[in-house]
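Residues per chain, in single letters:
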Amino acid sequence: SSFICANYLKIELYEMGWNLKDGLRDCLVAAAPYGGPIALLKAHNRRSPSARPQLEIFSSSGLPLASFPWKSGMVKQLGWTVSDDLLCVQEDGTVLVYDLLGGFKRHFSMGNEVSQSQVLETKIFHSPYGTGVAILTGALRFTLATNIDDIKLRRLPEVPGLQGAPSCWAVLTQDRQSKVLLASGPHLFILDNTACTPVTPPGLSPQASSIVHMCVSFSYKYLALLTDSGHVWMGTSNLKEKLSEVDTKIKGSPKQMAWCRRPKSQQPSAVVMWDGLLLVVGECKETIQYHLEDDSILVPELDGVRIISGTHHELLQEVPGACEEIFKIASMAPGALLLEAHKEYEKESQKADEYLREIKEQSLLSEAVRQCVEAAGHEHEPETQKTLLRAASFGKCFLSNFPPEQFVSMCKDLRVLNAVRDYTVGIPLSHTQFKQMTLQVLIDRLVYRKLYLLAIEVCRYLKTPEYQGVSRVLKHWACYKVQQKEESDEVIAKAVSVKLADAAGISYSEIATKAYESGRTELAIKLLEFEPRSGEQVPLLLKMKKSPLALSKAIESGDTDLVYTVVMYLKNELNRGDFFMMLRNQPVALSLYKQFCKHQEQDTLKDLFNQDDDHEELGNFYVKASYKEKVCVYSSFFLIFLPADRSAIKVQQIMVASFPPMAWV
């Protein structure tokens, strides 16, 4: 269901599938942007510390993805990274990272100062460098990490005269640098790496004595401030330009505030939420009110705001320009006329021709088709999408040179979007969000949810290059499959080889590595048999301590560098005797090692000849060595063959100063 109020549209995305006894009351809630998952954690009960709360993760439609009891410290904030990992910030400054299916990944600390002072407030934000964490400590100091994948903690300067927690604060990203904007009474300060700078928003209402709430836009370009007098000031985040100011006529402190503006819109707008009331403020002085029946949270998006309650999930956004042109009452826009023409054509009415003539006389038929295609992209109801696309297709029939790419691309995009918006998948992406996040990221998100079949179907339908699409998804599936404990090694190895038989560019060594890390060494060895590149097989075999097999594979490859690599590894890992014995069983490796020793390790070469009782080579070794000796006393070698069978050689060294170096045979 949807309804239009002024130029804002509120769409119901889902009736939530979860069954929450008390709704979202007394819960820590975090929802990821771009239609991502929702995490819920019941607030800690300080009166009953032994009662463990449950951390639950749901899809956007309320279907469960993971659930487990929280056994760690008190959580102050939940949030999501750009790759849909869940961050849990504890009171002592420890941040625990989980995947969206509840698997623990790692943890890190925000520093000793945070640990000692405790976390007062925290915000999780997205910067050009990745996902960041900002913390206000009990000592009223700010600590920032702009990228949790490369932790570099920054302690921001102290705010002069700050006696208590600021009334509100937010993280800004300007010039590739993260800063903190905070309000203390009527004063605003910007904290960067080096200084605390007081700032004044231009044109702020003089009635305000303090700022009680603030929010930044999804792109960090715009800022909204709510004052204690009920005025909402909207402007650029660098506080140099005022865009609008609206009196809400409500002076209570709100629960949440979020920016609500389409990427190319010229109209600033923000959404303010109090208990039971949602207010949309924009450029004009009037406001739009929506009544809320349940406790709700606001989730800022690129092109609107999602509203999640215990029973429903909705999207509030400014009506897209193309939709407004087509659907507003008595519209004479080209797209509206084309839609009417198609409706009359289906009724077999001659009015269809009249509408078409009116559009063609203004030479706006191409624009009409474009409007219908664009509007279809913004619609969430499949039937409305079809109606608009049929109208666009009807209009195209009367154009000889209209490029079909936009129409075909939109049809494909909508089919994919409708598939991922399905209740069972629960990713309510808009077309604008889809284009921003790219197809590759969407495929990744399906893979993270273990929706491999859907991911493969999307790749095949959109004809994604195999190495970026189907092969990549199959590799993730195989890595997941080898971690399943309930099936035997033979069954899994066969299933993987059958599924991946025709896939291009698959590295079985990566899959085997996953199997080995899961404690399934024999399965890893079986999978390596399917790896055609010996250079990929050998390193893992060495890691698994399968040295003889690694040496055999290296020799089979015919790559002398690879054989040398294995031999040098064995030399360092084994004792001298075992090393020589292993080489004796591999003549090729032994020969190559002898070649190496001739140039690098002469003494080792002599030991090899001694161990093999190779007297002839040993004699040759001494002869060659004698030529290299630069001493005053000459060395002569007498090699005497025994008369019996000439098989044994006696080596005698005689020091004779008068003889030149020579060899007697």
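Everything quoted here is computed from the prediction, not taken from an experiment.

**Focus: the side chain of glutamine 433**
Thinking step 1. One can find glutamine 433 in helix H8 (residues 431-437).
Thinking step 2. Engagement of the side chain of glutamine 433 in a polar contact is seen with the side chain of aspartate 303, the distance being 2.9 Å.

**What to know about the layout of surface pockets**
Thinking step 1. Reported here for the second largest pocket is a volume of approximately 610 Å³.
Thinking step 2. In terms of lining residues, the second largest pocket is bounded by 22 residues, among which Asp99, Tyr448, Lys450, Gln483 and Lys514 are the most central.
Thinking step 3. Those elements that place two or more of their residues in the lining of the second largest pocket are strand E10 (104-109), helix H9 (439-448), helix H11 (470-481) and helix H13 (508-517).
Thinking step 4. The greatest single-element share of the lining of the second largest pocket, amounting to 4 residues, is contributed by H11.

**Concerning the sheet that holds strand E22 (residues 242-247)**
Thinking step 1. Overall, antiparallel pairing links the 4 strands, which are arranged E19-E20-E21-E22 in an open sheet. Each edge of the open sheet is held by one strand with a lone partner, namely strand E19 (211-216) and E22. Pairwise comparison of adjacent strand axes, ignoring direction, gives a mean angle of 15 degrees for this sheet.
Thinking step 2. Where strand E20 (residues 222-227) lies against strand E21 (residues 231-236), 5 bridges are found, and the strand directions are antiparallel. Paired with tyrosine 222 across the strands is threonine 236, a residue of E21.

**Considering the side chain of serine 61**
Thinking step 1. Note on placement: serine 61 falls in the loop between strand E5 (54-58) and strand E6 (64-69).
Thinking step 2. At 2.8 Å, the side chain of serine 61 and the backbone oxygen of tyrosine 423 are in polar contact.
Thinking step 3. Residues contacting serine 61, with those up to four places away along its chain left out, are Tyr14, Glu15, Met16, Gly17, Tyr423 and Gly426.

**A closer look at H11**
Thinking step 1. Across its 12 residues, H11 extends 16 Å between first and last C-alpha, which sits within 8% of the 16 Å expected from 1.5 Å per residue.
Thinking step 2. With respect to burial, H11 is a largely interior element, 9 of its 12 residues being buried.
Thinking step 3. Buried residues of H11: Val470, Ser471, Arg472, Val473, Leu474, Trp477, Ala478, Cys479 and Lys481, and no others.
Thinking step 4. Where H11 is buried, its residues touch H9, helix H10 (452-461), helix H12 (489-499) and H13.

**Quick look at the nonpolar core**
Thinking step 1. Of all hydrophobic cores here, the largest spans 92 residues; its most connected members are Leu338, Val496, Leu500 and Leu527.
Thinking step 2. No other element matches helix H5 (residues 365-378), which puts 7 residues into this core.
Thinking step 3. Once residues lying within four places of it in the same chain are set aside, the contact partners of valine 496 are Trp477, Ala478, Lys481, Val482, Tyr508 and Leu527.
Thinking step 4. Ranked by size, the runner-up nonpolar core spans 30 residues in total, among them Ala183, Leu191, Ile211 and Trp233.

**Observations concerning empty space enclosed by the protein**
Thinking step 1. Applying the stated criterion across every chain yields a total of 3 cavities of 30 Å³ or more.
Thinking step 2. Looking at the second largest cavity, its volume works out to about 40 Å³.
Thinking step 3. Taken together, Arg262, Asp303, Gln317, Gly377, His378, His380, Ser430, His431 and Thr432 form the lining of the second largest cavity.
Thinking step 4. Of all elements in the fold, only H5 and H8 reach the threshold of two or more residues within the lining of the second largest cavity.
Thinking step 5. A per-class count over the lining of the second largest cavity returns no nonpolar, 7 polar and 2 charged.

Rules and cut-offs
- Residues numbered from 1 in each chain as written.
- Predicted model: local features only at pLDDT ≥ 70, side-chain atom pairs only at ≥ 80, totals over all residues.
- Heavy atoms only, no water.
- Helix = DSSP H or I, 4+ residues; strand = E, 2+ residues; numbered from the N terminus.
- Polar contact = N/O pair within 3.5 Å; in protein donor to acceptor, adjacent residues only side chain to side chain.
- 1 Å grid on protein atoms, 1.4 Å probe; cavity = no way out; pocket = protein on both sides within 12 Å on 5 of 7 lines; lining within 4 Å.
- Points joined across faces, edges and corners; volume = space filled by probe spheres on them.
- Pairing = 2+ DSSP bridges.
- Axes fitted to C-alpha atoms, helices over the stretch in contact; angles between N-to-C directions.
- Contact = heavy atoms within 4.5 Å.
- Expected span 1.5 Å × (residues − 1).
- Buried < 20%, exposed > 50% of the residue type's maximum accessible area, 1.4 Å probe, protein only.
- Core = buried A, V, L, I, M, F, W, Y, C linked by side-chain atoms within 4.5 Å.
- Nonpolar A, V, L, I, M, F, W, Y, C, P; charged D, E, K, R; others polar.

Coordinates in, geometry out; function isn't part of it.
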